[in-house]
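Analysis of the macromolecular model
Each chain is listed here by its residues.
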Amino acid sequence: MKAVGKLMIIGGAVNKGSFAETDYDQNIEKNLNFFERGILRKIIDESRLKEDSVIEIITTASQIPQIVGPEYKKAFEFLGAKHVNILDITNREQGNSDEITARASAADVVMFTGGDQLRLTSILGGTRFHDIILQKYREENFIYAGTSAGAAAASENMIYQGSSSEALLKGEIKTTQGLGFIENVIVDTHFVQRGRIGRLFQAVVNNPRTLGIGLGEDTGLFIDNDIMTAIGSGLVILVDGRFIKDTNLTNIELGKPISIDNLIVHVLSQNDFYNLKEKDLTIVNSQYSPIPQAQQNKF
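Let me begin by describing the structure that accompanies this report. (Residues numbered from 1 in each chain as written. Predicted model: local features only at pLDDT ≥ 70, side-chain atom pairs only at ≥ 80, totals over all residues. Heavy atoms only, no water.)

1. Description of the sheet that holds strand 8 (residues 185-188)
Note the following rule: Two strands form a pair only when DSSP identifies at least two bridges running between them. Numbering goes from the N terminus for both helices and strands, where a helix is a DSSP run of H or I of at least four residues and a strand is a run of E of at least two. Only C-alpha atoms enter the line fits that serve as axes; for helices the fit covers just the stretch in contact. Angles between N-to-C directions range over 0 to 180 degrees.
Strand order across the open sheet formed by 4 strands is 8-9-12-15, with mixed pairing between neighbours. Of all strands in the sheet, those bounded by a partner on one side alone are strand 8 and strand 15 (264-268). Geometrically, the sheet is characterised by an average inter-axis angle of 20° between neighbouring strands, direction not taken into account. The pairing of strand 8 with strand 9 (residues 211-215) spans 4 bridges and is parallel. By the bridge assignment for strand 9, Val185 is matched with Leu211.

This is the structure:
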């Protein structure tokens, strides 16, 4: 079923500047990279009521919610958001409570912070809170945004464990069900910096229907109406297994290296977009695009 809502998944290590710094305003130019790249700004601009939208920051994944929540609240408020709240749901009873579900029902945006994605799914999965935001995403002008763990948990299936260095040994990555906001993809975060491409390779060869998405740090994908657009300062890696010709996956023992023939990899940078329905990548600054008339006149 096509969703009415939108997704913003972010690779982690968001360089939003720390509002805990006493000289934040004096060093505003240095601290605004994350704003300038437009990720948080994009969330506000795409939300139902813009600066008047109700934003709930979900810190369930984090072990330091008392630090992470206020930082995001200050960041959104710095950009003009007027109704930003923090929801630290720490157990399933809270996720099923009338108070929490009422706040979920009133939200225009939920922003899931980083941490441990298994905490997100084990605490929130199947709760009334989860059901409400999933329904809102499917039926309303609603935004699910998540960074790091919040991004990894957005898909139907998610990676929750696995060594980067040994990721192409059979059985070295562990997957489970995510929160189910997007199907037929699997997301890995902190991707370039932590060398996690092998984790996506194994996830995709296990089921080539799945599109692997690797998000670099300070990089996001905005997903609306089957179009995924790269935003931020880094790279997005897509791993497409539909044309795999051969593999040794089922003929080797656990812990042995996996061979894969003809695995396709795409790389997106800022503003490039990928059509999930057509399986088609567009590079907006392509060197093979026709030269604009204004530039031709210079020659």
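2. Concerning the sheet that holds strand 10 (residues 219-224)
Selection criterion: Residue contacts are defined here by distance: any two heavy atoms, one from each residue, within 4.5 Å place the two residues in contact.
Taken in spatial order, the 9 strands of this open sheet run 3-2-4-5-1-10-11-16-17, and their pairing is mixed. The sheet is open, and its two edges are formed by strand 3 (83-87) and strand 17 (280-282), each paired on a single side. Looking at each pair of strands side by side, their axes are set apart by 20° on average, direction ignored. Bridge count between strand 2 (residues 54-58) and strand 3: 5 bridges; the pairing is parallel. Within strand 3, the residue paired with Val54 across the bridge is His83. Here helix 3 (residues 39-46) sits on the sheet in contact with strand 1 (6-10), strand 4 (109-112), strand 5 (143-147), strand 10 and strand 11 (227-232), set at roughly 170° to strand 1. With respect to the sheet, helix 4 (residues 65-78) is in contact with strand 2, strand 3, strand 4 and strand 5, its orientation differing from that of strand 3 by roughly 170°.

3. Quick notes on helix 8 (residues 128-139)
Note the threshold: Expected helix span is taken as 1.5 Å per residue step, with the number of steps being one fewer than the number of residues. Burial classes follow relative accessibility: with a 1.4 Å probe on protein chains only, a residue under 20% of its type's maximum area counts as buried, one over 50% as exposed, and anything between as partly exposed.
In a regular helix each residue adds 1.5 Å, so 12 residues correspond to 16 Å; helix 8 covers 16 Å between its end C-alpha atoms and thus fits that length. Among all positions in helix 8, only Phe129, His130, Ile132, Ile133, Leu134, Lys136 and Tyr137 are buried.

4. Remarks on the packing of aromatic side chains
Note the cut-off: Working definition: a ring pair exists when centres of Phe, Tyr or Trp rings (six-membered ring for Trp) sit within 6.5 Å. Plane angles under 30 degrees give stacked, over 60 give edge-to-face, the rest tilted.
Summed over all chains, the structure comprises 3 aromatic pairs. Ring plane angle 25° and centroid distance 4.8 Å describe the contact between Phe112 and Tyr144, whose orientation is recorded as stacked. Within this pair, whereas Phe112 is found in strand 4, its partner Tyr144 is found in strand 5, the two being separated by 32 residues in sequence. Note on Phe112: relative accessible area 0%, which makes it buried. Relative to Phe181, the ring of Tyr144 lies with its centre 4.4 Å away and its plane at 35°, an arrangement referred to as tilted.

5. Considering the pattern of salt bridges
Side-chain pairs of opposite charge can arise where the charged atoms are in close proximity. Our working definition: One side-chain nitrogen of Lys or Arg within 4 Å of one carboxyl oxygen of Asp or Glu is enough to make a salt bridge.
Counted under the stated rule, the structure contains 12 salt bridges. For Asp52, the salt bridge identified is with Lys82, shortest N-O distance 3.4 Å. Separated by 30 residues along the polypeptide, Asp52 in the loop between helix 3 and strand 2 and Lys82 in the loop between helix 4 and strand 3 bring together distant segments of the chain. The residue Lys136 makes a salt bridge to Glu140 at a minimum N-O spacing of 3.1 Å. Of the residues examined, Glu140 reaches a relative accessible area of 37% and is grouped as partly exposed.

6. Observations concerning a nonpolar patch on the surface
The cut-off we apply is this: Within this analysis, patches are made of residues with over 30% relative accessible area and no salt bridge. Like charges are joined at 9 Å or less; nonpolar side chains (Val, Leu, Ile, Met, Phe, Trp, Tyr) at 5 Å or less. Computed by Shrake-Rupley with a 1.4 Å probe, the accessible areas treat only the displayed protein chains as cover when residues are assessed.
The grouping of Ile197, Leu235, Val265 and Val267 at the surface amounts to a nonpolar patch, some 280 Å² of accessible area in total. With respect to the helices, strands and loops of the structure, Ile197 is situated in helix 10 (residues 197-206). A relative accessible area of 33% places Ile197 in the partly exposed class.

7. Some details on the pairing of strand 1
Buried residues dominate strand 1, accounting for 5 of its 5 residues. Judged by which residues are buried, strand 1 turns out to be covered on both faces: Lys6, Met8 and Ile10 on one side and Leu7 and Ile9 on the other are all buried. Pairing between strand 1 and strand 5: 5 bridges, direction parallel. When the sheet's bridge partners are listed, Lys6 is paired in strand 5 with Ile143. Sheet topology note: the strand 1/strand 10 ladder contains 4 bridges and is antiparallel. Of the residues in strand 10, the one forming a bridge with Leu7 is Ile223.

8. Observations concerning the nonpolar core
What counts here: The term nonpolar core refers to a set of buried residues drawn from Ala, Val, Leu, Ile, Met, Phe, Trp, Tyr and Cys, joined through side-chain atoms within 4.5 Å.
Phe112, Phe129, Ile213, Leu221 and Met228 are the most contacted members of the largest nonpolar core, which has 43 residues in total. Ranked by the residues each element gives to this core, the list is headed by helix 8, at 5 residues. Apart from the residues within four sequence positions on either side, Phe112 is in contact with Ile58, Leu120, Leu124, Phe129, Ile133, Tyr144, Ala145, Gly146, Thr147, Gly150 and Leu179. Counting 21 residues, the second-largest nonpolar core is a separate cluster that includes Ile10, Ile55, Ala75 and Leu79.

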